[in-house]
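# Examining the three-dimensional arrangement
Okay, here's what each chain looks like letter by letter:
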Amino acid sequence: MSNATPCVRGRFAPTPSGRMHLGNAFSALMAWLSARSASGEMVMRVEDLDPRAQSRERAELLMHDLEWLGLAWDEGPYYQSERAELYGAALEELSARGLTYPCFCSRAELHAATAPHASDGAPIYPGTCRELSADEVARRSATRPPAVRLRVPDEDDPAGTIEFSDLAFGARREVLARECGDFLVRRSDGVVAYQLAVVVDDALMGVNQVVRGRDLLGSCARQIYLGRLLGYEAPAYGHVPLLVAADGRRLSKREKDLDLGALRERGVRPERIVGALGAAVGLCEPGADVTPQELVPLFSWNKLAARHGDVIVDERFLARLF
Ligand code: GLU
């Protein structure tokens with residue numbers, strides 16, 4: 001047996017739903033710095049599972065923006081839209097083991113006010129379709145294609161308690177039955193769910209470090225659980241702050257004047273953007289123009305773990321950009 005520590009393999013996993021905005025650039029920079037500061041590698045995976053996100057043009061723009069910022073990768077791009085067979089095989093394996101069931105509930109039904117909701121506001125699946133008879137499934141399938149859910153262990157079954165340590169948020173413990181309940185692994189339109197695709201991809205691509213926005217921290221337990229069922233080792237997770245507007249709203253694609261296309265058009269240099277993003281989490285001095293490479297020796301998870309809350313894109317932040 002070799003004692004060699006496996007090389008860190010991180011990934012970029014953008015969804016090409018629009019032009020890259022500052023928030024995506026920040027998460028990408030942190031993922032890249034985390035891997036590079038450990039002399040690791042990066043994989044590029046375009047998450048275009050959803051037919052609405054299947055735009056090669058937008059994917060290419062995203063990749064150009066990353067390269068322009070100075071964030072290169074070593075492998076890929078892989079496109080999720082070309083990997084349906086791999087996800088289908090994983091889904092089949094779970095189903096053959098009796099771990100899944102068809103679900104006919106609509107989104108509106110699930111958001112009904114009476115259902116309990118998890119901490120992030122998402123409804124916890126109440127198990128409505130868990131015990132449908134084969135006749136009932138056949139009858140309902142005739143009028144409505146079902147989604148597919150994964151059964152999670154009951155609340156008192158230790159298999160459903162997931163413990164892990166996040167590089168920034170520290171020790172976490174989540175009980176699947178309380179956090180989300182039985183969750184979707186395939187949507188009713190036949191598209192495999194994000195949770196399953198990401199687990200299959202990270203494992204098959206040898207990704208052992210997942211760095212992304214803290215909005216996905218709540219997905220970890222589901223992903224670790226799915227990985228266990230499929231015999232995969234869990235990657236390390238590190239969740240980074242989000243970029244929010246001064247009023248606390250999340251910076252999003254709606255903030256068009258802050259997407260990378262707009263910033264480039266205004267003549268903002270990549271070193272200026274990287275400097276502003278790095279300074280926002282204390283990696284460099286405010287006002288510095290730096291390359292990602294120059295931030296490599298300055299990066300540490302301790303610095304990210306020590307800061308609380310999101311990055312506020314206020315007048316002061318913007319003044320450093322323009
Ligand atoms: N594709 C997701 C996004 O762009 C990221 C998924 C992940 O990092 O696990 O938000």
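Note that the structure is predicted; figures quoted are calculated from it, not measured. The residue count restarts for each chain, going from 1 along the sequence in the order it is written. The predicted nature of this model means local features are confined to residues of pLDDT at least 70 and side-chain atom pairs, given and counted, to a pLDDT of 80 or more, with totals for whole chains, interfaces and linings taken over all residues. With hydrogens and water excluded, all non-hydrogen atoms of the structure serve as input to the side-chain values.

### Remarks on the pairing of strand β10 (residues 236–240)
- Burial classes follow relative accessibility: with a 1.4 Å probe on protein chains only, a residue under 20% of its type's maximum area counts as buried, one over 50% as exposed, and anything between as partly exposed. Counting from the N terminus, the helices are DSSP H or I runs at least four residues long and the strands are E runs at least two residues long. Most of β10 sits out of view: 4 of its 5 residues are buried.
- Of the pairings in the sheet, the one linking strand β9 (residues 209–213) to β10 comprises 5 bridges and is parallel in character. Within β10, the position partnered with glycine 213 by the bridge is valine 240.
- Assessed by its sense of winding, the connection that carries the chain from β9 through helix α8 (residues 220–229) to β10 is right-handed. Pairing between strands is defined by DSSP: at least two bridges between them are needed. Here is how to tell: hold the view so the strands point away, follow the path from the first strand over the helix to the second, and if it runs clockwise the crossover is right-handed.

### Focus: the site of the ligand
- Around the ligand, the structure places Arg11, Ala13, Thr15, Glu47, Tyr194, Val198, Arg212 and Leu216.
- N or O atoms within 3.5 Å of each other form a polar contact, as long as, within protein, one can give a hydrogen and the other can take it, and as long as residues adjacent in sequence are counted only when both atoms are side-chain atoms. Measuring from a nitrogen atom of the ligand, one finds a backbone N or O atom of alanine 13 at 2.7 Å.
- Between threonine 15 and the ligand, the recorded distance is 2.8 Å, taken from a side-chain N or O atom to a nitrogen atom.
- Per-residue and other accessible areas follow the Shrake-Rupley method at a 1.4 Å probe size, with only the shown protein chains counted as cover for residues. Considered on its own, the ligand offers 300 Å² of accessible surface; in the complex 76% of this is hidden by protein.
- Of the residues belonging to the shell around the ligand, the class tally is 4 nonpolar, 1 polar and 3 charged. To be near a molecule or strand, a residue needs just one of its heavy atoms within 4 Å of it. Three residue categories are used. Nonpolar comprises Ala, Val, Leu, Ile, Met, Phe, Trp, Tyr, Cys and Pro, charged comprises Asp, Glu, Lys and Arg, and polar comprises the others, including Gly.

### What to know about the environment of proline 270
- Note that proline 270 resides in helix α10 (residues 270–280).
- Sequence separation between proline 270 and threonine 291 is 21 residues; the distance between their C-alpha atoms is 7.7 Å.

### What about helix α7 (residues 194–204)?
- Buried residues dominate α7, accounting for 8 of its 11 residues.
- Of all the residues in α7, the buried ones are Gln195, Leu196, Ala197, Val198, Val199, Val200, Asp201 and Asp202.
- Contact definition: two residues touch when any of their heavy atoms are within 4.5 Å. Along its buried surface, α7 packs onto β1 (9–12), β2 (41–46), α3 (84–96), β8 (183–186), β9 and α8.

### Description of the environment of serine 106
- With respect to the element layout, serine 106 can be found in the loop between β4 (100–103) and α4 (107–110).
- Residue serine 106 is classed as buried on the basis of its relative accessible area of 18%.

### What about the sheet that holds β2?
- Taken together, 3 strands build an open sheet; the order of strands is β1-β2-β3 and the sheet is parallel. On the outer flanks of this sheet lie β1 and β3 (75–79), each paired with one strand and no other. The sheet shows a mean angle of 25° between the axes of neighbouring strands, taken without regard to direction.
- Pairing analysis gives 4 bridges linking β1 to β2, with the strands arranged parallel. Counted as the bridge partner of glycine 10 is methionine 42 from β2. With axes taken as lines fitted to C-alpha atoms, and helix axes fitted only over the stretch in contact, angles between N-to-C directions fall between 0 and 180 degrees.

### Focus: the pattern of salt bridges
- Salt bridges are defined as contacts in which a side-chain nitrogen from Lys or Arg sits within 4 Å of a carboxyl oxygen from Asp or Glu. One pass over the structure, following the stated rule, counts 27 salt bridges.
- Here glutamate 82 makes a salt bridge to arginine 56, at a shortest N to O gap of 2.8 Å. Taken together, the residues span a long stretch of sequence, with glutamate 82 in the loop between β3 and α3 and arginine 56 in helix α2 (residues 56–69) at a distance of 26 residues.
- Note that arginine 97 is salt-bridged to glutamate 93, the shortest N-O span being 3.1 Å.

### Concerning the packing of α3 against α7
- Viewed as axis vectors pointing N to C, α3 and α7 meet at an angle of 110°, and their least axial separation amounts to 10 Å. It follows from the interaxial angle that α3 and α7 lie roughly perpendicular. Facing Leu86, Tyr87, Ala90, Leu91 and Leu94 of α3, the residues of α7 in contact are Leu196, Ala197, Val200, Asp201 and Leu204.
- Its residues placed into classes, the contact of α3 with α7 shows 9 nonpolar, no polar and 1 charged. The cut-offs work like this: below 35 degrees is roughly parallel, past 145 is roughly antiparallel, 65 to 115 is roughly perpendicular, and the gaps in between are oblique.

### Quick notes on the sheet that holds β8
- A sheet is described by the order of its strands in space; here 3 strands give the open sequence β4-β5-β8, paired in antiparallel fashion. Strand pairing shows two members of the sheet lacking a second neighbour, β4 and β8, which therefore form its edges. Between one strand and the next, the sheet's axes are offset by a mean angle of 45°, whatever the strand orientation.
- Relative to strand β5 (residues 147–150), β4 runs antiparallel, the two sharing 4 bridges. Bridge pairing in β5 places proline 102 opposite valine 148.

### What to know about the side chain of arginine 11
- One can find arginine 11 in strand β1.
- Residue classification places arginine 11 among the buried positions, given a relative accessible area of 5%.
- Here the side chain of arginine 11 touches aspartate 202 through a polar contact of 3.1 Å, side chain to side chain.
- Residues within four places of arginine 11 in sequence aside, it is in contact with Ala31, Met42, Val43, Arg45, Val198, Asp202, Val207, Gln209, Val210 and Arg212.

These values are about where atoms sit, not about what they do.
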